[in-house]
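# Reading the structure
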Amino acid sequence: MNRHIVVRFAPSPNGLLHLGHAYAAMVAHDFARARGGEFLLRIEDIDSGRSRPEFVTAILDDLRWLGLEWDREVIFQSERLDSYAAAADRLKAMELLYPCFCTRSDMRQLQEDGPQPEGPDGPIYAGTCRHLDPDLARKRAAAEPHSWRLDVAKAAAIAGPLRWRDERHGEQLNHPERLGDVILVPKDMPVAYHLAVTVDDARDGITHVVRGDDLFASTDIHRLLQALLVLPTPTYFHHPLLLDETGGKLSKSRDSASLSVLRLAGQSGQKLLQDFRQGIFPVGISLS
Ligand code: GLU
């Protein structure tokens, strides 16, 4: 019997989409369609400081230009802040989050004092605020700006051994400690990516998370959060990334590669994806 398939593309509207996004959107879209499933569009606009309505408009125009149609209404994370706060409260009630008062300069100082162990997403947090006396931490939290970090070791001990499956990379043993005590509620944002994406993938009934290899390591945190919040675990498919001529990941700051520029120059988005589907990429661009 065919289980219903639901896949999403989840861009953050903090810049213009580039060729790498076109590839990612195509892979997710084609994955859903090839299996007779649904393809959803979720705008990940939790970072109100960087998200812009004009980028949302450009995303919708770019996807239409590429010939990618989504099902259901467009989902906006900014309309779902209550559900992220509820998830954070639940983790706090389980005593798995602790307030962190470290500033950027504290972090820099730590690096200068001695290089911190590197995780897949940068230096692993040294755990300074994890060791604060709980009463003192509570008092400080009432008066000082702070983020909330996940006590990964404690959470992983409660959750026990976990696994997840990636259709491209195979069965994975979960090792969230590789990312350290990640921030789930930043100082200056209602929620961090890891928590919002986990809550939403469950809420939207996503059966297959199709996204780039750059987010592969993050999945260990998402799998841990699923166990803690008693949410279902989707199957994953982390696809290769488009690289530029230097072998680096394409980035939003490189305006030349933006889809809007190509669209407004009269190029065909559908032809671009036809080429991608045959493994043909613009000069200087290759697949990782
Ligand atoms: N919003 C994330 C980004 O633009 C992607 C989220 C995901 O696919 O899990 O990088």
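## Notes on the sheet that holds strand β3 (residues 75-76)
Two orientations exist for strands paired in a sheet by backbone hydrogen bonds: parallel and antiparallel. Taken together, the three strands give an open sheet; going across it, the order is β1-β2-β3, and neighbouring strands pair in parallel fashion. What marks the edges here is a single partner per strand, and that holds for β1 (6-9) and β3. Across two bridges, the pairing between strand β2 (residues 38-43) and β3 is parallel. Across the sheet, residue R42 finds its bridge partner in β3, namely I75.

## Considerations on the sheet that holds strand β7 (residues 147-150)
Across the sheet, three strands lie side by side as β4-β7-β10; this open sheet has antiparallel pairing. If you trace the sheet from one side to the other, it starts and ends with β4 (97-100) and β10 (183-185), each paired once. On average, each strand axis in the sheet is tilted by 45° relative to the strand beside it, whichever way the strands run. Bridging between β4 and β7 involves four bridges; their strand directions are antiparallel.

## What to know about the nonpolar core
Among the nonpolar cores identified, the biggest contains 36 residues, and L19, L63, L66 and F276 are the most heavily contacted of them. Broken down by secondary-structure element, the contributors of at least two residues to this core are β1, α1 (19-34), β2, α2 (53-66), α9 (259-264) and α10 (269-277). When residues in this core are grouped by element, the largest group, ten residues, is from α1. In this structure, L19 is in contact with L242, L250, A257, L259, L262, L272, F276, P282 and I285, ignoring residues within four places of it in sequence.

Calculation criteria
- Residues numbered from 1 in each chain as written.
- Predicted model: local features only at pLDDT ≥ 70, side-chain atom pairs only at ≥ 80, totals over all residues.
- Heavy atoms only, no water.
- Pairing = 2+ DSSP bridges.
- Helix = DSSP H or I, 4+ residues; strand = E, 2+ residues; numbered from the N terminus.
- Axes fitted to C-alpha atoms, helices over the stretch in contact; angles between N-to-C directions.
- Core = buried A, V, L, I, M, F, W, Y, C linked by side-chain atoms within 4.5 Å.
- Buried < 20%, exposed > 50% of the residue type's maximum accessible area, 1.4 Å probe, protein only.
- Contact = heavy atoms within 4.5 Å.

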